[in-house]
Amino acid sequence: MSGRAFNRHGVRAIYRFEMARFRRTLWQSVATPVITTSLYFVVFGAAIGSRMTQVQGVPYGAFIVPGLVMLSLFTQSILNASFGIHFPKFIGTIYEILSAPISPLEIVLGYVGAAATKSVMLGLTILATAALFVPLHILHPGWMVGFLVLTAASFSLFGFIIGIWAQNFEQMQVIPMLIITPLTFLGGTFYSIDMLPPFWRTVTLFNPLVYLISGFRWSFYGASDVGVRVSLAMTLGFLLVCLAVVAWIFRTGYRLKN
Amino acid sequence: MHGAMSTILSIANLSKTYASGLTALNNVSLDIRKGEIFALLGPNGAGKTTLIGIACGIVTPSGGSVTADGHDVVRDYRAARAKIGLVPQELSTDAFETVQATVRLSRGLFGRPPDPARIEQVLRDLSLWDKRNDQIKTLSGGMKRRVMIAKALSHEPQILFLDEPTAGVDVELRRDMWGLVRRLRDSGVTVILTTHYIDEAEEMADRIGVINKGSLILVEEKAALMKKLGRKQLTLHLQQALPAVPAELGGWNLQLRSAGEELEYSFDAAAEDTGVPALLKRLGELGIGFKDLNTRQSSLEEIFVGLVSARAGAGA
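Residues numbered from 1 in each chain as written. Chains lettered and ligands numbered in written order. Predicted model: local features only at pLDDT ≥ 70, side-chain atom pairs only at ≥ 80, totals over all residues.

This part covers the packing of helix α6 (residues 141–165) of chain A against helix α10 (residues 228–252) of chain A. Residue and element names in this part refer to chain A. Contact geometry for α6 and α10: axes closest at 9 Å, N-to-C directions at 30°. With respect to α10, the element α6 is oriented roughly parallel. Considering how the two elements wind past one another, α6 and α10 form a crossing that is left-handed. Facing Phe147, Leu150, Thr151, Ala153, Ser154, Leu157, Phe158, Phe160, Ile161 and Ile164 of α6, the residues of α10 in contact are Thr235, Phe238, Leu239, Cys242, Leu243, Val245, Val246 and Ile249. Within the contact of α6 with α10, the residues separate by chemical class into 15 nonpolar, three polar and no charged. (Axes fitted to C-alpha atoms, helices over the stretch in contact; angles between N-to-C directions. Helix = DSSP H or I, 4+ residues; strand = E, 2+ residues; numbered from the N terminus. Parallel < 35°, antiparallel > 145°, perpendicular 65-115°, else oblique. Left-handed = near helix turned anticlockwise from the far one by under 90°. Contact = placed C-beta atoms within 7 Å. Nonpolar A, V, L, I, M, F, W, Y, C, P; charged D, E, K, R; others polar.)

Structural data, given as structure tokens:
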């Protein structure tokens with residue numbers, strides 16, 4: 001390998017290694033979110049949704065599909081990526097990553113790329129599951145894939161940061177469980193924020209996940225709580241903030257090097 | 001012969017002070033020659049692992065520099081690290097992976113394209129080929145140590161760091177490791193090992209460095225070190241026990257052992273005049289007979305303990 005060449009073999013090795021781990025735990029990785037999503041459809045889509053009118057001109061069962069995909073995408077991206085980097089830290093094999101001729105960008109590409117791939121595959125699986133319950137129509141498939149990939153990448157990057165920050169497995173669970181899941185529920189997964197009283201609607205606009213869910217829903221139905229450009233800008237902004245934090249971690253060696 | 005060798009790893013004025021205030025390395029400079037086996041000796045906490053950590057990019061130095069085959073390990077880390085393999089002290093392995101998968105990962109990380117033949121060769125050399133599809137968690141401690149060596153060798157490094165390579169392994173595996181290290185050296189790999197086992201350094205090393213409290217006390221050819229610092233003991237098994245060392249023998253460094261039945265004389269083996277002929281002559285004059293005699297050279301361990309103790313005494 002020459003001095004400045006991109007270490008593509010290194011990126012590929014990490015990516016393949018992580019994807020192999022995913023294949024070993026395929027049942028847990030896919031079955032759990034699919035079963036959970038199916039339960040949401042049974043409860044919210046069939047039991048409660050049958051008594052509700054349309055939301056933004058979309059039957060309620062179909063309305064919640066993008067939100068449910070995002071809910072799984074947020075949590076699974078974080079869990080996959082945080083586990084991917086935290087496990088080598090925990091068992092000590094991180095020494096090999098740190099002593100290899102591989103740049104921070106390449107390490108991130110390998111780990112975050114694998115985590116994002118798993119999340120996208122999961123998102124598509126949940127969509128396929130949803131199609132069994134409600135008729136799905138995707139107005140802007142290109143944008144839908146774009147939001148799916150961008151969100152998976154952003155939250156995988158966020159998970160990578162959490163995996164480095166966390167000093168044990170309990171800490172790793174804190175942010176997805178105590179912050180992301182509540183924000184997703186309060187971010188318009190099961191309702192349009194237009195249905196809220198004005199005060200709470202304003203409060204909700206401070207929840208960044210509103211923009212991601214809204215943009216993704218727009219790609220399905222052409223209707224959204226906030227403008228699609230704002231949604232896209234928020235998603236890209238979150239991605240850039242995560243990238244900046246990762247760059248700082250590698251520059252300072254925060255919780256990676258002594 | 002060694003004088004003609006070029007330097008492959010150069011450490012210059014290296015220092016490391018941790019955030020806790022602990023100074024692990026204090027202005028260490030050292031050149032490692034291409035193709036040699038260099039043993040770094042030192043007590044726990046001497047700075048050995050920190051030194052290796054900096055050379056490999058795991059620890060950030062506070063000052064100084066390290067170059068591997070001319071490449072700075074910080075500024076030109078890609079080229080430098082590609083030359084280095086590391087077997088750390090801790091048995092850190094991915095328990096759920098197979099032997100082959102983890103070795104393949106190591107090769108890729110170091111920028112090398114997949115090469116099943118090379119991986120097979122490394123695994124066969126380390127008697128791991130039959131275990132290639134086994135999960136690492138099913139292997140014994142000795143086998144896990146081999147896996148770590150296989151990972152370090154998978155990218156064909158020119159410099160190999162072995163941090164306490166035989167800690168906790170059985171005698172047979174230790175001998176195997178020593179054989180492996182020699183084969184690596186014969187194939188042109190430079191080996192730098194840290195060890196607590198002095199006999200390991202004595203058995204294998206071409207040169208020895210002694211580090212204590214973050215400072216390099218000395219660097220010396222092993223043979224020269226043994227010659228220069230090695231003391232010899234002459235033990236005389238007396239025909240009749242002596243109650244005390246006679247005053248007439250005060251000019252020699254003598255001690256009585258075994259209830260006065262053995263007289264031990266310590267002397268500098270490298271000295272021009274060891275004092276042995278004069279002592280034997282004087283004993284004859286005094287009528288002190290002996291049944292047998294033997295000599296013994298100081299081990300490297302005794303030299304090492306002497307050096308570290310002397311340093312501690314000087315610092316006190």
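Once the structure has been displayed, the description carries forward.
On to the interface of chain B and chain A. Each side of the interface is counted separately: chain B has 28 residues, and chain A has 24 residues. Put simply, the parts of the chain that give the side of chain B that touches chain A at least two residues each are α2 (77–82) and α3 (99–109) of chain B.

Residues and elements named next belong to chain B. In spatial order, the strands read β6-β7-β8-β3-β9-β10; together these six strands make up an open sheet with mixed pairing. Because the sheet does not close on itself, it has two edges, and the strands there are β6 (84–87) and β10 (215–221). Averaged over all neighbouring strand pairs, the angle between strand axes comes to 15°, with direction disregarded. Note that strand β7 (residues 159–163) and strand β8 (residues 190–195) share five bridges and pair parallel. Paired with Leu162 across the bridge in β8 is Leu193. Here helix α1 (residues 48–56) sits on the sheet and contacts β3 (37–41), β6, β7, β8 and β9 (207–212); the angle it forms with β7, its principal contact strand, is near 150°. Across the face of the sheet, helix α6 (residues 171–186) comes into contact with β3, β7 and β8 while running at roughly 150° to β8. (Pairing = 2+ DSSP bridges.)

Residue and element names in this part refer to chain A. The end-to-end C-alpha distance of helix α3 (residues 60–91), which contains 32 residues, comes to 46 Å, matching closely the 46 Å that a straight helix rising 1.5 Å per residue would cover. Along its length, α3 shows its largest kink, about 30°, at Pro66. Counting buried residues along α3, 26 of its 32 residues qualify, which places the element largely inside the surrounding structure. Gly92 sits one or two residues past α3 and shows a positive phi near 95°. (Expected span 1.5 Å × (residues − 1). Bend = angle between axes of the 7 residues up to and from the residue. Buried ≥ 20, exposed ≤ 12 C-beta atoms within 10 Å, placed from the backbone.)

In short, the description is geometric, and any link to function would need to be established separately.
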